[in-house]
Amino acid sequence: SSSRRLTIRASSTNNEKLAAKAAASDADNGAPTIFDKIIAKEIPSNIVYEDEKVLAFRDINPQAPVHILIIPKLRDGLTELGKAEARHGEILGELLYAAKVVAEKEGIVEGFRVVINSGATACQSVYHLHLHVLGGRQLKWPPG
Ligand code: TR5
């Protein structure tokens, strides 16, 4: 819409541009995402860990020397963390534990960060729940 274009044009900082892009591009409408193709291995990814339930692969646009995404193979309604229900407790725990396993494999277990962006306000851009595992440098706080 023209008002959306206006909103994007009015954005000045990088973060505002990112937020506008996230809001305008994908919506949490349950449609398949690029991660389905990664799970199906229809498009290549750099996989670092995999088991029956979770897949971990390197982020295509890394924000740190180590930047890995961990996703459930079965999305099961988990387009975003904000849509989680009590029945998702087990897979959420497995994803968080996988973050530790991946951090250990990558040699960053003594200091790393796990991030989940939930919703356009948090700059989520792919609506298939994913944990970002970041490390390999001194991380700053607060995040943007
Ligand atoms: O912004 P949120 O939290 O939703 O994170 C989505 C992440 O997916 C971003 O950090 C992107 O860099 C990452 N991403 C997007 C694509 C992609 C990817 N990581 C690996 N491989 C990717 N492919 C092949 N295609 C993408 N569109």
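Conventions we followed
- Residues numbered from 1 in each chain as written.
- Predicted model: local features only at pLDDT ≥ 70, side-chain atom pairs only at ≥ 80, totals over all residues.
- Helix = DSSP H or I, 4+ residues; strand = E, 2+ residues; numbered from the N terminus.
- Buried ≥ 20, exposed ≤ 12 C-beta atoms within 10 Å, placed from the backbone.
- Contact = placed C-beta atoms within 7 Å.
- Pairing = 2+ DSSP bridges.
- Axes fitted to C-alpha atoms, helices over the stretch in contact; angles between N-to-C directions.
- UniProt positions renumbered as here; feature names shortened; annotations may be inferred.
- Near = placed C-beta within 6 Å.
- Nonpolar A, V, L, I, M, F, W, Y, C, P; charged D, E, K, R; others polar.
- Expected span 1.5 Å × (residues − 1).

Under an unreviewed UniProt entry, the name given to the protein chain is 14 kDa zinc-binding protein-like, and the source organism is Cucurbita maxima.

In this section: the overall build of the protein chain. A count of helices and strands for the protein chain gives 4 helices and 5 strands. The N-to-C order of helical and strand elements in the protein chain reads α-α-α-β-β-β-α-β-β. For the protein chain, the residues scored as buried account for 22% of the 144 residues in total. Across the protein chain, the fraction of contacts at a sequence separation of at least 24, relative to all contacts at a separation of at least 6, is 59%.

This brings us to the sheet that holds strand β2 (residues 54-58). Read from one edge to the other, the open sheet built from 5 strands follows the order β1-β2-β3-β5-β4, with strand pairing classed as antiparallel. In this open sheet, the two strands that pair with only one neighbour each are β1 (47-50) and β4 (112-115). Averaged over all pairs of adjacent strands, the angle between strand axes in this sheet comes to 20 degrees, irrespective of strand direction. In this sheet, strand β3 (residues 66-72) lies alongside β2 in antiparallel orientation, the contact comprising 5 bridges. From the neighbouring strand, Arg58 faces β3, where its bridge partner is Ile68. Sitting on the sheet, helix α4 (residues 89-105) touches β1, β2, β3, β4 and β5 (131-135), and the angle it makes with β3 is about 155 degrees.

The UniProt entry lists His130 under the feature "active site" (unreviewed entry), expressed in the numbering used here. Tracing the sequence through the fold places His130 in the loop between β4 and β5. Of the residues examined, His130 has 26 C-beta atoms within 10 Å and is grouped as buried. The contact partners of His130, leaving out residues within four places of it in the chain, are Leu69, Ile70 and Ile71.

The next thing to look at is the site of the ligand. Every residue lining the ligand is accounted for by Ile34, Ile43, Ser45, Asp59, Ile60, Asn61, Leu69, Asn117, Cys123, Gln124, Ser125 and Val126. Tallied by class, residues from the shell around the ligand come to 6 nonpolar, 5 polar and 1 charged.

Most of β3 is tucked away: 6 of the 7 residues are buried. Summarising the sheet, β3 and β5 pair through 5 bridges and their orientation is antiparallel. Note that in β5 the partner of Val66 across the bridge is Gly135.

Given a rise of 1.5 Å per residue, 17 residues ought to cover 24 Å, and the 25 Å separating the end C-alpha atoms of α4 matches this to within 8%. Once α4 finishes, Gly107 follows within two positions and takes phi at roughly 75 degrees, a positive value.

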